[in-house]
Amino acid sequence: MIGDPQALAGLGHPLLQRIYAARGVRAMGELDYGLAGLPDYSALAGIDAAVGVLATAVAEAAPIIVVGDFDADGATSTALACDALASFGAHVDFFMPQRTTHGYGLSPQVVAELPACTPGGVLLTVDNGIAAVAGVAAAREAGWQVVVTDHHLPGETLPAADAIVNPNQPGCTFVSKRLAGVGVIFYVIAALRARLAGQGVTGLPSLSSYLDLVAVGTVADVVALDHVNRTLVSQGLRRIRAGRGRVGVTALAEAAGRDWRKLGAEDIGFVIGPRLNAAGRLEDMTLGVNCLRAPDAPTAAEIAERLSAINRDRRRAQRRMVGEAEAALARMQDEGIERSGIVVHGRAWHEGIVGLIASKIREQRHRPVVAFAPGASGMLKGSARSIPGIHIRDVLARIDAQNPGMIERFGGHAQAAGLSLSFQAFPGFIEAFDEAVAEVLTPELADRIFHTDGELSTEEISLANARRLGAAGPWGAAFEAPLFHGCFHVLSQRIVGEHHLKLRLASPAGGADLNAIWFNRDVYLDETVAHRFVYKLAVNEFRGEQSLDLLVSHAEAG
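Note that the coordinates shown come from a computational prediction; the quantities given were computed from them, not determined experimentally. Every chain begins its residue count from 1, and numbering advances along the sequence as written. Local features in this predicted model are restricted to residues whose pLDDT is 70 or higher, and side-chain atom pairs enter the listing and the counts only when it is 80 or higher, whereas totals over whole chains, interfaces and linings include all residues. The basis for every side-chain value is the complete set of heavy atoms in the structure, and neither hydrogens nor water enter the calculation.

*Asks:* Describe the overall build of the protein chain, with residues and values.
*Replies:* Strands here mean DSSP runs of E at least two residues long; helices mean DSSP runs of H or I at least four residues long; both are numbered from the N terminus. Per the secondary structure count, the protein chain includes 17 helices and 15 strands. Within these notes, the globule rule equals 2.2 Å times the number of residues to the 0.38 power, and the radius of gyration is based on C-alpha atoms. The C-alpha atoms of the protein chain give a radius of gyration of 24 Å, which matches the 24 Å a tight globule of 558 residues would have. Throughout this description, buried means an accessible area under 20% of the type-specific maximum (1.4 Å probe, protein chains only), exposed means over 50%, and partly exposed covers the range between. Scored against the burial criterion, the 558 residues of the protein chain give a buried share of 52%. Any pair of residues with heavy atoms lying within 4.5 Å of one another is described as a contacting pair. In the protein chain, of all internal contacts separated by at least 6 residues, the share reaching a separation of at least 24 is 65%. Using a 1.4 Å probe, accessible areas were evaluated by the Shrake-Rupley method; residue-level cover was limited to the displayed protein chains. Accessible surface, the protein chain as shown: approximately 23600 Å² in total, 51% of it carbon and sulfur.

Structure, rendered in structure tokens:
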């Protein structure tokens with residue numbers, strides 16, 4: 001729904017009024033990111049039961065083991081749960097499943113590797129568990145009480161846990177269905193802290209001390225930034241920039257060459273999140289949790305450098321795998337094979353990187369994509385990414401219903417999902433995926449459409465507006481950073497940093513020449529014709545000086 005710019009007159013600047021109105025903001029209150037505006041935890045279904053189990057474990061000094069996920073949301077959720085519970089006096093430890101040996105989430109195999117349960121022992125899942133029917137059953141049979149905290153979409157059958165907190169479970173009336181896993185456990189910790197305070201426990205830490213973790217996990221997991229999530233992210237960023245973030249977060253920023261005093265949501269998305277995710281993709285996410293929980297700056301810096309090295313390895317492997325996928329698709333095109341749903345596979349691909357391959361091919365081809373790699377369990381492990389308007393988990397559910405047994409396991413969101421299947425089922429899945437996507441791929445969805453905030457005048461393309469828009473966030477999924485389009489002539493261009501296109505542009509309307517950069521683009525544009533560019537305004541800082549950059553995401557002649 002488009003808002004009314006006049007209702008946002010209090011913002012003063014007409015460009016901001018226009019930007020916010022286009023994102024459905026209808027009143028100034030929707031831009032108030034104070035903590036007092038957050039909804040109360042009481043509307044979360046299952047939270048009283050979850051708090052009851054955890055409060056008893058704290059009081060009786062029973063062991064609590066946190067089982068996380070191997071991505072940035074899982075790492076921040078695990079760190080938050082462990083730090084908060086420890087500060088409440090709990091005996092807490094964590095277990096991070098490894099992608100290649102355990103697979104995702106709480107499974108019977110994970111339960112088997114945990115220490116024997118002692119009386120009152122609690123397994124607390126964060127960012128996973130809503131689909132762990134077998135894992136929860138195994139845990140309860142082993143004597144554990146199980147509290148599931150998750151945000152993923154539930155299947156037809158919920159696990160028989162002692163308590164489930166998930167805003168997307170049936171019957172939950174919590175206003176925001178978009179919380180990341182770290183947002184869900186933050187709310188559980190808030191409710192637990194209130195329970196303990198009501199019982200007379202003193203010395204409890206402020207909930208604001210965990211907001212840096214909430215901000216990192218929320219942005220890195222690319223959940224929709226509704227008002228609740230924007231508030232959590234805004235507050236977390238303020239804390240980091242004020243020097244009150246944990247040393248692990250600031251170390252990750254410094255390892256990436258970013259100034260944590262000016263950290264924004266885009267820095268989390270492009271440099272901090274990938275470094276945490278790299279550990280879960282290629283090694284063990286325990287390293288990421290240890291970085292976030294580092295006791296001092298030197299320890300944090302050492303772990304952050306290790307994570308950066310792993311991330312460099314990830315980038316090299318990703319470039320190789322994307323090249324192989326592009327070559328395979330080019331051969332298909334030469335053979336006249338066109339598919340609505342694209343499936344790619346490499347015998348030497350790493351299963352921790354296939355999600356990035358699917359994202360890249362989806363971006364290039366504008367089609368739903370599943371990328372597969374051999375898994376350690378002898379199965380093919382796949383990661384799916386979709387385009388706007390096609391719910392990828394629903395597509396997989398349709399395939400599963402029409403082809404029982406073809407997919408061994410699947411789960412996920414509207415735009416991203418994971419699955420596993422046997423090598424024998426792979427040829428049939430290629431056809432089934434193509435057919436299932438074709439059923440829902442309308443001509444309108446098939447066309448790549450860039451939704452921009454319109455054109456800017458020569459006067460509006462300014463460093464002042466770049467600063468203004470940068471400070472107006474946080475921007476992210478479903479509350480996208482302002483995107484503009486316009487016609488420019490290419491005056492000069494060169495490749496920098498191996499695969500980024502640096503441009504000098506001139507507007508037909510006149511004005512000063514403009515600097516622009518197109519990241520991850522190593523093909524030159526035709527300088528003999530004008531191009532229509534899609535771009536963002538950005539502030540470039542170099543040696544203490546600021547200048548305007550256009551960040552290009554698309555260009556076409558004409």
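*Asks:* Describe the pairing of strand β1 (residues 63-67), and please don't skip the residues or the numbers.
*Replies:* Look at any regular strand and the pattern is simple: side chains alternate between the two faces of the sheet. Most of β1 sits inside the fold, with 4 of its 5 residues counted as buried. When DSSP finds two or more bridges between two strands, those strands count as paired. Here β1 pairs with strand β2 (residues 91-95) via 5 bridges, running parallel. Bridge pairing in β2 links Val66 to Phe94. Consider the strands pointing away from the viewer: the crossover is right-handed when the path from the first strand over the helix to the second runs clockwise. With helix α3 (residues 72-87) bridging β1 and its parallel neighbour β2, the resulting β-α-β unit is right-handed.

*Asks:* Describe the environment of Gly171, and please don't skip the residues or the numbers.
*Replies:* Within the secondary structure, Gly171 sits in the loop between β5 (163-165) and α6 (181-198). When the C-alpha atoms of Gly171 and Gly46 are compared, they prove to be 9.9 Å apart, with 125 residues separating the residues in sequence.

*Asks:* Hey, could you go over the sheet that holds β2 for me, with residue numbers and the actual values?
*Replies:* Strands sit in the order β2-β1-β3-β4-β5 across an open sheet of 5 strands; the sheet is parallel. Of all the strands in the sheet, just β2 and β5 have a single pairing partner and so form its edges. Taking each pair of neighbouring strands and ignoring which way they run, the sheet shows an average axis angle of 20 degrees. A fitted line through C-alpha atoms represents every axis, and for helices the fit uses only the stretch in contact; the resulting angles, taken between N-to-C directions, go from 0 to 180 degrees. In the packing of helix α2 (residues 47-59) onto the sheet, contacts are made with β1, β3 (122-126), β4 (145-149) and β5, and the angle to β5 comes to roughly 120 degrees.

*Asks:* Tell me what's going on with the pattern of salt bridges, and back it up with residues and numbers.
*Replies:* Put simply, a salt bridge is a Lys or Arg side-chain nitrogen that is within 4 Å of an Asp or Glu carboxyl oxygen. Throughout the structure, instances matching the rule amount to 16 salt bridges. Salt bridges linked by common partners bring Asp83, Asp212, Arg246 and Arg293 together as one network.

*Asks:* Explain helix α13 (residues 354-365) residue by residue, including any values.
*Replies:* One less than the residue count of a helix, multiplied by 1.5 Å, gives the span that helix is expected to have. Between its first and last C-alpha atoms α13 spans 16 Å; for 12 residues at 1.5 Å apiece the expected length is 16 Å, and the two agree. All of the buried residues along α13 are Val354, Gly355, Leu356, Ile357, Ala358, Ser359 and Ile361. Against α10 (265-282), α12 (297-334), β6 (342-345), β7 (369-374) and β8 (380-385) lie the buried residues of α13. Phi for His366, located one or two positions after α13, is positive at around 55 degrees.

*Asks:* Mind laying out the packing of aromatic side chains, listing which residues take part and the relevant values?
*Replies:* Two rings from Phe, Tyr or Trp (for Trp, the six-membered ring) form a pair when their centres are within 6.5 Å of each other. A pair whose planes differ by under 30 degrees is stacked, one over 60 is edge-to-face, and the rest are tilted. Taken as a whole and assessed by the stated rule, the structure comprises 11 aromatic pairs. Ring geometry for Phe372 against Phe429: centres 5.5 Å apart, planes inclined by 85 degrees, an arrangement best described as edge-to-face. Here Phe372, found in strand β7, pairs with Phe429, found in helix α15 (residues 426-440); they are 57 residues apart in sequence, far enough to count as distant. Judged by its relative accessible area of 0%, Phe429 falls in the buried class. Aromatic pair Trp475 and Phe479: ring centres 5.4 Å apart, planes at 15 degrees, arrangement stacked. Using a relative accessible area of 2% as the deciding quantity, one classes Phe479 as buried. Cluster of aromatic residues (ring-pair linked, three or more members): Phe372, Phe426, Phe429 and Phe433. For a Lys NZ or an Arg CZ to count as sitting over a ring, it must be within 6 Å of the ring centre and within 35 degrees of the ring normal. A cation over a ring is seen here: Arg261 above Trp260, with NZ or CZ 4.3 Å from the ring centre. Lying over the aromatic face of Trp518, Arg521 brings its terminal NZ or CZ to 4.5 Å of the ring centre.

*Asks:* Explain the side chain of Asp83 to me, and be specific about the residues and the numbers.
*Replies:* Tracing the chain through its elements places Asp83 in helix α3. For Asp83, a relative accessible area of 18% translates into the label buried. With residues up to four places along the chain from it excluded, the contact list for Asp83 reads Tyr210, Arg246 and Arg293.

*Asks:* A description of the packing of α6 against helix α7 (residues 211-220) should follow, citing residues and the corresponding values.
*Replies:* Relative to each other, α6 and α7 sit at 150 degrees, their axes nearing to 8 Å. Put simply, α6 runs roughly antiparallel to α7. When α6 is examined against α7, the residues Val182, Gly183 and Phe186 are found in contact with a partner set consisting of Leu211, Leu213, Val214, Gly217 and Thr218. Residue classes follow a fixed rule: Ala, Val, Leu, Ile, Met, Phe, Trp, Tyr, Cys and Pro count as nonpolar, while Asp, Glu, Lys and Arg count as charged, and any other residue, Gly among them, counts as polar. When grouped by side-chain class, the residues that make up the contact of α6 with α7 number 5 nonpolar, 3 polar and no charged. An angle counts as roughly parallel when it lies under 35 degrees, as roughly antiparallel when it exceeds 145, as roughly perpendicular when it falls between 65 and 115, and as oblique in every other case.

*Asks:* Can you explain the side chain of Ser77? Please cite residues and give values.
*Replies:* Within the secondary structure, Ser77 is located in helix α3. Look at Ser77 and you get buried, because its relative accessible area is 0%. A polar atom in the side chain of Ser77 sits 2.7 Å from the backbone oxygen of Asp73. A polar atom in the side chain of Ser77 sits 3.0 Å from the backbone nitrogen of Val182. Those residues in contact with Ser77 that sit more than four places away from it in its chain are Val126, Asp127, Gly181, Val182 and Ile185. Think of a polar contact as two N or O atoms within 3.5 Å of one another; within protein, one of them needs to be a possible hydrogen donor and the other a possible acceptor, and neighboring residues in sequence only count if both atoms come from side chains.

*Asks:* Got a sec to walk through the sheet that holds strand β10 (residues 416-421)? Specific residues and values, please.
*Replies:* What the 5 strands build is an open sheet, ordered β6-β7-β8-β10-β9; its pairing is mixed. Of all the strands in the sheet, the pair left with one neighbour each is β6 and β9 (409-412). Each neighbouring strand pair of the sheet contributes to a mean axis angle of 15 degrees, computed without reference to strand direction. Pairing analysis gives 6 bridges linking β7 to β8, with the strands arranged antiparallel. Paired with Pro374 across the strands is Leu380, a residue of β8. Together, β8, β9 and β10 form the strand contacts of helix α14 (residues 392-402), whose direction differs from that of β9 by roughly 155 degrees. Relative to β6, α15 is tilted by about 155 degrees, and along the sheet it contacts β6, β7, β8 and β10.

*Asks:* Residue-level account of α6, with values.
*Replies:* Its 18 residues give α6 an end-to-end C-alpha distance of 26 Å, which sits within 8% of 26 Å, the value for a rise of 1.5 Å per residue. Within α6, 13 of the 18 residues are buried, which leaves the element mostly enclosed by the surrounding structure. At the C-terminal side of α6, Gly200 shows a positive phi close to 95 degrees.

*Asks:* Describe the pairing of β7, listing the residues and the values that go with them.
*Replies:* The element β7 is extensively covered by neighbouring structure, given that 5 of its 6 residues are classed as buried. In this sheet, β7 lies alongside β6 in parallel orientation, the contact comprising 4 bridges. Counted as the bridge partner of Ile342 is Val369 from β7. As for the winding sense of the linkage, the β-α-β connection from β6 through α13 to β7 is right-handed. Between the end of β7 and the start of β8, which pair antiparallel, lie 5 residues, with Gly378 showing a positive phi angle near 85 degrees.

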